[in-house]
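A closer look at the structure
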Amino acid sequence: MGTFTSSLPQDLLDKLSSEAKKRGVAKNSLIEKALRIYLDQLNRADYARSYSKAGKDEEIMAIAEEGMETYLQDLKNLEE
């Protein structure tokens with residue numbers, strides 16, 4: 001595990017200390033969890049943006065529609 005040193009505004013540090021004490025966890029543990037959640041949310045936002053961008057690309061949409069036609073036909077064939 002690596003070491004990271006940072007400065008925080010006093011109000012944020014006070015909130016961190018208070019929450020860590022209230023939850024009975026170390027401050028670094030609370031920071032680690034918060035950072036993991038935040039980075040996951042950034043990743044999800046990037047993923048959503050890429051889908052939004054792909055939805056505006058005519059070539060990608062044509063490929064997707066072709067794939068859906070094949071998928072729907074496969075489902076129809078399974079029903080028969």
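Parameters and conventions
Residues numbered from 1 in each chain as written. Predicted model: local features only at pLDDT ≥ 70, side-chain atom pairs only at ≥ 80, totals over all residues. Heavy atoms only, no water. Helix = DSSP H or I, 4+ residues; strand = E, 2+ residues; numbered from the N terminus. Rg over C-alpha atoms; globule rule 2.2 N^0.38 Å. Expected span 1.5 Å × (residues − 1). Salt bridge = Lys/Arg side-chain N within 4 Å of Asp/Glu carboxyl O. Buried < 20%, exposed > 50% of the residue type's maximum accessible area, 1.4 Å probe, protein only. Axes fitted to C-alpha atoms, helices over the stretch in contact; angles between N-to-C directions. Parallel < 35°, antiparallel > 145°, perpendicular 65-115°, else oblique. Contact = heavy atoms within 4.5 Å. Nonpolar A, V, L, I, M, F, W, Y, C, P; charged D, E, K, R; others polar. pLDDT = per-residue confidence, 0-100.

1. Notes on the overall build of the protein
A tally of regular secondary structure across the protein gives 3 helices and 0 strands. Reading the protein from its N end, one meets helices and strands in the order α-α-α. Against the 2.2 N^0.38 benchmark of 12 Å for 80 residues, the protein shows a C-alpha radius of gyration of 23 Å, more extended than a compact globule. Projecting the C-alpha coordinates of the protein onto the three principal axes gives extents of approximately 65 × 30 × 25 Å.

2. Some remarks on helix α1 (residues 10-23)
Each α-helix turn comprises 3.6 residues. Residues three or four places apart therefore point the same way. Spanning 14 residues, α1 covers 20 Å between terminal C-alpha atoms, matching the ideal 20 Å at 1.5 Å per step. After α1 finishes, the residue glycine 24 shows a positive phi value of roughly 70°.

3. Some remarks on the pattern of salt bridges
Note on pairing: side chains with opposite charge can pair once their charged atoms come close. All told, the structure shown has 5 salt bridges when counted by the stated rule. A salt bridge links glutamate 19 to lysine 22, with the shortest nitrogen-to-oxygen separation between them at 3.1 Å. Of this pair, glutamate 19 and lysine 22 are both found in helix α1, 3 residues apart, which corresponds to roughly one turn of the helix. Among the residues examined, lysine 22 registers a relative accessible area of 58% and is labelled exposed. Arginine 44 is the salt-bridge partner of aspartate 40, the closest N and O atoms lying 2.8 Å from each other.

4. Structural notes on the packing of α1 against helix α2 (residues 27-54)
Relative orientation of the contacting elements α1 and α2 amounts to 105°, with a least axis distance of 9 Å. Between α1 and α2, the angle is such that the two are roughly perpendicular. Contacts from Leu16, Ser17, Glu19, Ala20 and Arg23 in α1 reach Lys27, Leu30 and Ile31 in α2. By residue class, the composition of the contact of α1 with α2 is 4 nonpolar, 1 polar and 3 charged.

5. Digging into the environment of methionine 1
By the secondary structure assignment, methionine 1 is in the segment before α1. The exposure class of methionine 1 is exposed, given its relative accessible area of 97%.

6. Quick word on the confidence of the model for the protein
With 100% of its residues at a pLDDT of 70 or more, the protein shows a mean pLDDT of 89. Helix α3 (residues 58-79) is the least confidently modelled element of the protein, averaging 83 in pLDDT, while α1 averages 97, the highest of any element.

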